[in-house]
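Close look at the chain arrangement
Here are the chains, one letter per residue:
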Amino acid sequence: TTAMANMQWVEQAIKMSKDYPNLGIGVHLNMIDGKPLTFQDKFSKKLAIKTILGRFSKNKLKKEFVAQIEKVQNLTKVTHIDTHQHMGVFPNIRWAVIEAAKETGIKKIRLPQERFSEFNQFSQLWKKYLISIFANKTKKTYNQNKLTYPNQFFGIMSTGKFNLDYLEKYLQQTKKEAEIMVHPG
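Residues numbered from 1 in each chain as written. Predicted model: local features only at pLDDT ≥ 70, side-chain atom pairs only at ≥ 80, totals over all residues. Heavy atoms only, no water.

**Some points on the packing of aromatic side chains**
Following the criterion strictly, the structure yields 4 aromatic pairs and no others. An aromatic cluster of three or more residues is present, and its members are Phe39, Phe43 and Phe56. The positively charged end of Lys58 is found above the aromatic ring belonging to Trp95, 4.8 Å away from the centroid. (Phe/Tyr/Trp six-rings, centres within 6.5 Å; stacked < 30°, edge-to-face > 60°. Lys NZ or Arg CZ within 6 Å of the ring centre and 35° of its normal.)

**Side note on helix α3 (residues 58-73)**
Taking 1.5 Å as the rise per residue, α3 with 16 residues should run 22 Å; its terminal C-alpha atoms sit 22 Å apart, in good agreement. Contact partners of the buried residues in α3: β1 (2-3), α1 (10-17), β2 (25-29), α2 (45-52), β3 (78-83) and α4 (93-104). The N-cap of α3, judged by a side-chain oxygen 3.2 Å from the amide nitrogen of Asn59 a few residues on, is Ser57. (Helix = DSSP H or I, 4+ residues; strand = E, 2+ residues; numbered from the N terminus. Expected span 1.5 Å × (residues − 1). Contact = heavy atoms within 4.5 Å. Polar contact = N/O pair within 3.5 Å; in protein donor to acceptor, adjacent residues only side chain to side chain.)

**Thoughts on α4**
Between the first and last C-alpha of α4 there are 17 Å, a value that for 12 residues agrees with the 16 Å anticipated at 1.5 Å per step. Inspection of α4 places Ile93, Arg94, Ala96, Val97, Ile98, Ala100, Ala101 and Thr104 among the buried residues, and these make up the whole buried set. Of the residues flanking the end of α4, it is Gly105, one or two places downstream, whose phi is positive at about 80 degrees. (Buried < 20%, exposed > 50% of the residue type's maximum accessible area, 1.4 Å probe, protein only.)

**Describing the confidence of the model for the protein**
For the protein, per-residue confidence averages 88 on the pLDDT scale, and 92% of positions sit at 70 or higher. Across the protein, α4 holds the top mean pLDDT of 98, while strand β4 (residues 153-154) sits lowest at 77. (pLDDT = per-residue confidence, 0-100.)

**Here's the deal with the nonpolar core**
Across soluble globular proteins, nonpolar side chains show a tendency to be buried alongside one another. Of all hydrophobic cores here, the largest spans 40 residues; its most connected members are Met31, Phe65, Val72, Ile81 and Ile93. Of all the secondary-structure elements, those providing two or more residues to this core are α1, β2, α2, α3, β3, α4 and α5 (125-144). Counting residues per element, this core draws most heavily on α4, which supplies 6 residues. When near neighbours in sequence (up to four residues on either side) are disregarded, Ile93 contacts Met31, Ala48, Thr51, Ile52, Leu61, Phe65, Met87 and Gly88. (Core = buried A, V, L, I, M, F, W, Y, C linked by side-chain atoms within 4.5 Å.)

**So, the pattern of salt bridges**
Side chains that carry opposite charge are capable of pairing whenever their charged atoms lie near each other. Here the structure, examined in full by the defined rule, presents 6 salt bridges. One salt bridge in this structure joins Arg110 and Glu179, with 2.7 Å as the shortest N-O distance. Placement of the pair is Arg110 in the loop between α4 and α5 and Glu179 in strand β5 (residues 179-180), with a sequence separation of 69 residues. In terms of burial, Arg110 and Glu179 fall into one category: buried. Linked through salt bridges whose partners overlap, the residues forming this network are Asp82, Arg110 and Glu179. (Salt bridge = Lys/Arg side-chain N within 4 Å of Asp/Glu carboxyl O.)

**Comments concerning the sheet that holds β3**
Read from one edge to the other, the open sheet built from 3 strands follows the order β1-β2-β3, with strand pairing classed as parallel. Taken across any chain shown, the strands that pair with only one partner, and hence form the sheet edges, are β1 and β3. Pairing of β2 with β3 involves 5 bridges; the strand directions are parallel. Residue pairing across strands places Leu29 opposite Thr83, the latter belonging to β3. In the packing of α3 onto the sheet, the strands contacted are β1, β2 and β3, and the crossing angle to β2 comes to about 155 degrees. (Pairing = 2+ DSSP bridges. Axes fitted to C-alpha atoms, helices over the stretch in contact; angles between N-to-C directions.)

**Let's talk about the environment of Asn136**
Within the element layout of this structure, Asn136 appears in helix α5. Overall, Asn136 belongs to the partly exposed group, its relative accessible area being 45%. On a C-alpha basis, the gap between Asn136 and Asn163 in space is 28 Å, while along the polypeptide they are 27 residues apart.

**Structural notes on the packing of α3 against α4**
Helix packing geometry: the angle between the two helix axes and the distance between the axes. Relative orientation of the contacting elements α3 and α4 amounts to 40 degrees, with a least axis distance of 8 Å. Overall, the two elements α3 and α4 adopt an arrangement that is oblique. Along this stretch, α3 crosses α4, giving a crossing that reads as right-handed. Facing Lys58, Asn59, Leu61, Lys62, Phe65, Val66, Ile69, Glu70 and Gln73 of α3, the residues of α4 in contact are Ile93, Trp95, Ala96, Val97, Glu99, Ala100, Ala101, Glu103 and Thr104. Here the residues of the contact of α3 with α4 are counted per class, giving 10 nonpolar, 3 polar and 5 charged. (Parallel < 35°, antiparallel > 145°, perpendicular 65-115°, else oblique. Left-handed = near helix turned anticlockwise from the far one by under 90°. Nonpolar A, V, L, I, M, F, W, Y, C, P; charged D, E, K, R; others polar.)

Written out as structure tokens, the structure is:
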């Protein structure tokens, strides 16, 4: 489970999580939706693209990500981080994520490297392909920075189509540990 630190209900969500003491709470680093904690620019996909292209300060983004992690750390123990819409695999954003993790003592992170399987949805194939282009470099960089991640990941291709049948098929293929991404609602 992850929390988006810049959203209005984050404190209430963390309070509710206290009823589940074995639940690991992570931070879902965000630069797409809501308002930043540390600067006036609005979050948007346009801001993400500007950052990838080097037209928005990656140091400014790192400061924002540190603030998001620290906000949740002030509410509960943070076990891991990931990024909204998997933006953390892309250049400059990846750097900001890794540096924020190091500064805040986070060692566990999502690597959205999903393998192909028989239950893939072609509607999400473009997203998986784009992410996979950058995921190998991301994996090498995580390893160089001693960040750990599950060896298997599931969820990109089932976005909007997730059901019990997909989950059962995936679990039959899974070896050791895996991260299974689902969205509420």
